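Take a look at the letters that make up each chain.
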Amino acid sequence: MIDDYVRIFDTTLRDGEQSPGASMTTAQKLEVARALSRLGVDVIEAGFPAASPDDFAAVRAIAETVGVEPVPGRTSEAPPVVCALARATRADIERAFEALRPAKHPRIHTFLATSDLHMRAKLRMSREQVLERVAEMVAFARAHCADVEFSPEDAGRSEPDFLWRVLEIAIRAGATTLNIPDTVGYTTPEEFGALIAGIRERVPGIERVVVSVHCHDDLGLAVANSLAGLRAGARQAEVTINGIGERAGNSSLEELVMALRTRARSIGLRTGIDTTQLVPTSRLVSACTGIVVQPNKAIVGANAFAHESGIHQDGMLKHAETYEIMRPEDVGASHTNLVLGKHSGRAALLARLETLGRRLEPAAVDRTFARFKELADKKKLVTDADLEALVQEELGVSAPAFAFVGLEVRCGTGGPSQARLELCGPGGARVAEAQGAGPVDAAFKAVDQLVGVSATLVEYRVQAVTAGIDAVGEVAVRVRAGQGAAVHPQRDGLPRSFHGHGADTDIVVASVKAYLQALNGLCAAAPGSSEGDHAAYAV
Ligand code: KIV
Ligand code: ZN
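The rules behind these values
- Residues numbered from 1 in each chain as written.
- Chains lettered and ligands numbered in written order.
- Predicted model: local features only at pLDDT ≥ 70, side-chain atom pairs only at ≥ 80, totals over all residues.
- Heavy atoms only, no water.
- Donors = N, O, S within 2.8 Å, 3.2 Å for Na, K, Ca; no water.
- Helix = DSSP H or I, 4+ residues; strand = E, 2+ residues; numbered from the N terminus.
- Buried < 20%, exposed > 50% of the residue type's maximum accessible area, 1.4 Å probe, protein only.
- Near = heavy atom within 4 Å.
- Polar contact = N/O pair within 3.5 Å; in protein donor to acceptor, adjacent residues only side chain to side chain.
- Nonpolar A, V, L, I, M, F, W, Y, C, P; charged D, E, K, R; others polar.
- Expected span 1.5 Å × (residues − 1).
- Arc of directions from axis to C-beta.
- Axes fitted to C-alpha atoms, helices over the stretch in contact; angles between N-to-C directions.
- Left-handed = near helix turned anticlockwise from the far one by under 90°.
- Contact = heavy atoms within 4.5 Å.
- Pairing = 2+ DSSP bridges.
- Right-handed = clockwise from strand over helix to strand, strands pointing away.
- Disulfide = S-S within 2.5 Å.
- pLDDT = per-residue confidence, 0-100.

Caption draft 1: Up close: the coordination of the zinc ion (ligand 2). Around the zinc ion (ligand 2), the protein contributes the donor atoms Asp-15 (OD), His-214 (NE2) and His-216 (NE2), at 2.0 to 2.2 Å from the metal centre. Donor residues binding the zinc ion (ligand 2) come from one chain and are separated in sequence as D-x198-H-x1-H. With a gap of 199 residues between them, Asp-15 in the loop between strand E1 (7-10) and helix H1 (26-39) and His-214 in strand E7 (residues 210-215) connect regions that are remote in the sequence. Accessibility assignment for this pair places Asp-15 and His-214 in one class, buried.

Caption draft 2: Representation of the site of ligand 1. Surveying the vicinity of ligand 1 reveals the residues Arg-14, Asp-15, His-109, Phe-111, Ser-151, Glu-153, Asn-179, Pro-181, Thr-183, His-214 and His-216. Arg-14 has a polar side-chain atom sitting 3.0 Å from an oxygen atom of ligand 1. Take His-214: an N or O atom from its side chain is 3.1 Å from an oxygen atom of ligand 1. Classifying every residue of the shell around ligand 1 by side-chain character gives two nonpolar, six polar and three charged.

Caption draft 3: Quick look at helix H14 (residues 362-378). The terminal C-alpha atoms of H14 lie 25 Å apart, and with 17 residues this matches the ideal 24 Å at 1.5 Å per residue to within 8%. Within H14, burial applies to Ala-364, Val-365, Thr-368, Phe-369, Phe-372, Leu-375 and Ala-376. Relative to the axis of H14, the buried residues are bounded by an arc of 135° and lie together on one face. Facing away from the buried side of H14 by more than 90 degrees, the exposed set consists of Asp-377 and Lys-378.

Caption draft 4: The packing of H1 against helix H2 (residues 53-65), seen in detail. Closest axis-to-axis distance for the H1/H2 pair is 9 Å, and the angle between their directions is 35°. The element H1 and its partner H2 pack so that their crossing is right-handed. Residues Thr-26, Lys-29, Leu-30, Ala-33 and Arg-34 of H1 pack against Asp-54, Asp-55, Ala-57, Ala-58, Ala-61, Ile-62 and Thr-65 of H2. When its residues are assigned to classes, the contact of H1 with H2 shows six nonpolar, two polar and four charged.

Caption draft 5: Representation of the pairing of strand E8 (residues 236-239) in the model. Of the two faces of E8, the one holding Gln-236 and Glu-238 and the one holding Ala-237 and Val-239 are both buried throughout. Bridge count for E1 against E8 is four bridges, and the pairing is parallel. Within the sheet, the bridge partner assigned to Ile-8 lies in E8 and is Ala-237. Pairing analysis gives three bridges linking E7 to E8, with the strands arranged parallel. Of the residues in E8, the one forming a bridge with His-214 is Glu-238. Handedness of the crossover joining E7 and E8 through helix H8 (residues 222-231): right-handed.

Caption draft 6: Geometry of the state of the cysteines. Counted according to the given criterion, the structure contains zero disulfides. Cys-145 takes part in no disulfide bond, and the closest cysteine sulfur, belonging to Cys-83, lies 8.7 Å away. Take Cys-145: its relative accessible area is 5%, and that puts it in the buried class.

Caption draft 7: Fine view of the confidence of the model for the chain. Per-residue pLDDT for the chain has a mean of 88; in total, 90% of the residues score no lower than 70. Counted against residues more than four places away or in other chains, residues 485-495, with its pLDDT under 50, gives 19 contacts. Contacts of residues 529-539 to residues separated by more than four positions or lying in other chains number 51 contacts, the stretch itself having pLDDT below 50.

Caption draft 8: Main features of the environment of Ser-151. The topology assignment puts Ser-151 in strand E5 (residues 148-153). One polar contact links Ser-151 to Asn-179, side chain to side chain, over a distance of 2.9 Å.

Right, dumping it as structure tokens:
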């Protein structure tokens, strides 16, 4: 008889970070890892140390922090396990273990594909070779670490008899968790449930390990497939915040957890997640990755609890359960929007940040408080969203190559727009003037003159984060190295994109800050930079 506890394995920092353009700095990953600890996840997959020196550094930093420093507010008893991914090779496994060395509860997660297509076309290995490699590498990982997870990649399309043999061998070699990935999001809930049930019935020794599900969302079925796998006896679900991940993404943590909680009576399973942390964590991940959450996204979208039609509003006023199956406060969707003003002090700011799930270092609090005071002087009331925008700016601060000093713009109908920009760069303060088709175009041309790197702007988005014409505008940009570079970003050697965020009551200033942050990331990633690849810095 298996118990009713579902372990939540969060892979936002590994599979999620594989989303096109979602790369994060080590500081941002650490911030997300702390938020995941507060959220109460059981396992944090911190990265893939063999992929790059940056990945290694991020896993190491998380291993040094999570489970070591106290986590105020964590409701789950045990600290999260910190996990690192490794291909089934000695070098990858050693690298993963090295990155995990300081972790209190380390886990090595190794994988090898088991579908005929992957073995033939990608690995060029026979079935016998795959069986041998799994036995050898799981045992090798187990010799380094007591907690070993094995994933047969593309299990969803693997031939069941062969898959069962692979899993049996992995158990014999010492795996403690067997994760079953639907790598390409191909299966339907009935098929995926049957796959897990078949594994539980047919693999000798399966009762000694935890069976896990890892579903991708190519057909929009990831959460449904994960639920089907859990109903069939899996007791770990691999998920990401906001469902980010390769291609269409992974099973979304917030959706799966809230489905288990809201339908607990019919499903009969539980998790250790503090659901009031879901919205703050979602916002943090969105801000760090630059991936915007669609307004109608279940649980964490801006409209998830908004009622527009008159009939619905009428029903809501009479009884909230007429149109709400969950309470907004249960997922941390704050109703109190307007809270701070120019007379609010540091303690009030800190208390508000805490409610938003943000904890900053003392120096970062000082800077954020100074920015908050500036903003409160310009606006009467500073909202949660304004604060989020300020904190987001703060998150990546780490010695940017170019810092914003000031901007003047002339625009209107009387001719081309003109911008005069001052930046502080490696050689000190410098000024550039440029003309453009509009104020943002002129300002970006001035940035290009001063920064002097070749980049292509691939995305530019502006949104008002609060209501009112004095709201803070938030700008997100994405750039790619070189002129007219490939449209599809790739890992490992091919062009990557760098995102930047800027927030200001002046959207041209916000645009310049965002553009500069992205270019600073690009500069930091350039060969010869000590920061390695895909780092981004705030200005
Ligand atoms: O989707 C997948 O197959 C993976 C494995 C590495 C578990 O992410
Ligand atoms: Zn995956």
